[in-house]
Amino acid sequence: MPENSIIEAANTGCKEAVCIDTKRIYDSCVSKDCLENLRASFSAEDQEIIDAAQTVKCKSCEVAAVSIDVEEVAFNRGYYSADITFYFALGFDTYSAPCTAPQRITGYTAFTKKCILFGSDGDVKVFVSNPVSDELECPVSPQYTNPACKVQTVDPIVLNSKTLPASSTTIPVITSFPSIIFPGEVAPEIAEDGEKAVLATLGLFSIIQMERDVQLLIPAYDYCIPERECRCDNQTPCEAFREIDFPVEEFFPIERSAAPDCCESDDN
């Protein structure tokens, strides 16, 4: 460890300077995408329900899976392109007639985007030992030093949805989805044709980061020893309930003066 780093650490009040192996964010971007007219794909059974329905409303949307592919950009050293595909699960309420109870079905759609971020250089191969390889006397496969792309997102906002005759749109039906979005189930057979098509418009927020493993020298003040004692007493359900504060805000809605202004400009 460099001597000047130890002296500097002592002068700032920390206990010592330590070297850690962690991920460093070399580049990142914030993305706000309006995804217009994404065609929803349904199973053959659910497509029949869509065709027979008088009204179809999109009530919810969640990010079911994300696929990320990172490749080096030619003639632009240190930069990488990230092809990101979002897979969405859409919840629809279908009404066969007015004033009837809705039937909930699930549709699926996808959106692909590409971005180019700086990920720095690295040509070394990393080998990490593990107990399994040691027991089997198997060579450890290298971990290449291409940067890793990390995507953070929240479930999209459903902005609009509409139903129209399938013959009036040229947007193709997506028939292939990863099995990970069907946990514990067999992937349904997607209907490639139907009388009606459902299009949804979504608002998607995401943060995309390009990370790489690095070694950093940081100041260490002390070990992280928890200060709060674990509660292991066996309370009865009623005793635990009595310690919960009464949810006043659930019974008395906030006044308009206390609510945030939804129309307030970002410039104010």
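Residues numbered from 1 in each chain as written. Predicted model: local features only at pLDDT ≥ 70, side-chain atom pairs only at ≥ 80, totals over all residues. Heavy atoms only, no water.

Novice: So what exactly am I meant to see when it comes to unusual backbone geometry here?
Specialist: Residues apart from glycine generally show negative phi values, whereas peptide bonds are mostly found in trans. At Phe 75, a position not held by glycine, the phi torsion is positive, near 60°. Mapped onto the elements, Phe 75 comes out in the loop between β2 (55–72) and β3 (79–95). Positive phi, normally seen in glycine, also occurs at Cys 99, with a value near 60°. If you trace the backbone, Cys 99 turns up in the loop between β3 and β4 (103–118). (Helix = DSSP H or I, 4+ residues; strand = E, 2+ residues; numbered from the N terminus.)

Novice: What's the story with the side chain of Ser 206 in this structure? I'm lost.
Specialist: Position of Ser 206 among the secondary structure elements: in strand β9 (residues 196–220). Taking the relative accessible area as the measure of exposure, Ser 206 reaches 3% and is therefore buried. If sequence neighbours within four positions are ignored, Ser 206 has contacts with Cys 29, Val 30, Ser 31, Phe 86, Gln 152 and Thr 153. (Buried < 20%, exposed > 50% of the residue type's maximum accessible area, 1.4 Å probe, protein only. Contact = heavy atoms within 4.5 Å.)

Novice: Sorry, what's going on with the sheet that holds β3 here?
Specialist: Overall, antiparallel pairing links the 3 strands, which are arranged β2-β3-β4 in an open sheet. Strands with a single pairing partner mark the edges of an open sheet, and in this sheet they are β2 and β4. Adjacent strand axes in the sheet meet at a mean angle of 15° when their direction is disregarded. In terms of strand pairing, β2 meets β3 through 16 bridges, oriented antiparallel. Counterpart to Thr 55 in the pairing with β3 is Tyr 95. Against the sheet, helix α2 (residues 44–52) makes contact with β2, β3 and β4, and its axis sits at roughly 110° relative to β4, the strand it touches most. (Pairing = 2+ DSSP bridges. Axes fitted to C-alpha atoms, helices over the stretch in contact; angles between N-to-C directions.)

Novice: Help me understand the nonpolar core in this model?
Specialist: Among soluble globular proteins, nonpolar side chains are generally buried collectively. By size, the foremost hydrophobic cluster in this structure holds 29 residues, and its most contacted members are Ile 84, Phe 88, Leu 90, Phe 92 and Leu 202. When residues of this core are traced back to their parent elements, those giving at least two are β1 (16–39), α2, β2, β3, β4, β7 (148–153) and β9. Broken down by element, the residue count for this core peaks at 7 residues, all from β3. Leave out the neighbours within four places in its chain, and Ile 84 touches Val 66, Ser 67, Ile 68, Phe 111, Thr 112, Lys 113, Cys 115, Cys 149, Val 151 and Ile 208. Counting 9 residues, the second-largest nonpolar core is a separate cluster that includes Tyr 87, Ile 181, Phe 182 and Ile 190. (Core = buried A, V, L, I, M, F, W, Y, C linked by side-chain atoms within 4.5 Å.)

Novice: So what exactly am I meant to see when it comes to a nonpolar patch on the surface here?
Specialist: A grouping of Val 154, Ile 157, Leu 159 and Phe 205 is seen on the molecular surface, where their side chains present a nonpolar patch of about 370 Å² in accessible area. By secondary structure assignment, the location of Val 154 is in the loop between β7 and β8 (157–165). (Patch = residues over 30% accessible without salt bridge, like charges linked within 9 Å, V, L, I, M, F, W, Y side chains within 5 Å. Areas by Shrake-Rupley, 256 points an atom, 1.4 Å probe, with all protein chains shown as cover. Salt bridge = Lys/Arg side-chain N within 4 Å of Asp/Glu carboxyl O.)

Novice: Is there a simple way to think about the pattern of salt bridges in this case?
Specialist: Side chains that carry opposite charge are capable of pairing whenever their charged atoms lie near each other. In the structure shown here, the tally under the stated rule is 5 salt bridges. Among the salt bridges present, the one from Lys 114 reaches Asp 83, with a minimum N-O distance of 3.7 Å. With Lys 114 in strand β4 and Asp 83 in strand β3, this pair connects stretches of sequence that are 31 residues apart. Asp 93 is paired through a salt bridge with Arg 104; the nearest N and O atoms lie 2.7 Å apart. With Asp 93 in strand β3 and Arg 104 in strand β4, the pair connects residues that are 11 residues apart, well separated along the chain. Residue Asp 93 is classed as buried on the basis of its relative accessible area, which comes to 10%. With a relative accessible area of 48%, Arg 104 lands in the partly exposed category.

Novice: Sorry if this is basic, but what is going on with the packing of aromatic side chains here?
Specialist: Enumeration over the complete set of coordinates arrives at 7 aromatic pairs. Measuring from ring centre to ring centre gives 5.3 Å for Tyr 79 and Phe 118, while their planes differ by 65°; the resulting arrangement is edge-to-face. Here the residue Tyr 79 occupies a position in strand β3, and Phe 118 occupies one in strand β4, the gap between them amounting to 39 residues. With a relative accessible area of 29%, Phe 118 lands in the partly exposed category. Where Tyr 87 meets Phe 177, the ring centres are 6.2 Å apart and the plane angle is 70°; that geometry is what we call edge-to-face. Taken together, the residues Tyr 87 in strand β3 and Phe 177 in the loop between β8 and β9 connect sequence positions 90 residues apart. Judged by relative accessible area, which is 15%, Tyr 87 ranks as buried. Of the residues examined, Phe 177 reaches a relative accessible area of 12% and is grouped as buried. Within the aromatic cluster, the residues linked to one another by ring pairs are Tyr 87, Tyr 108, Phe 177 and Phe 182. The ring of Tyr 26 is capped by Arg 24, whose NZ or CZ atom sits 4.6 Å from the centre of that ring. (Phe/Tyr/Trp six-rings, centres within 6.5 Å; stacked < 30°, edge-to-face > 60°. Lys NZ or Arg CZ within 6 Å of the ring centre and 35° of its normal.)

Novice: Would you take a moment to explain the side chain of Lys 113 for this structure?
Specialist: Tracing the chain through its elements places Lys 113 in strand β4. At 2.3 Å, the side chain of Lys 113 and the side chain of Ser 31 are in polar contact. Residue contacts for Lys 113: discarding those within four places in its chain leaves Ser 31, Asp 33, Ala 82, Asp 83, Ile 84, Phe 86 and Ile 208. (Polar contact = N/O pair within 3.5 Å; in protein donor to acceptor, adjacent residues only side chain to side chain.)

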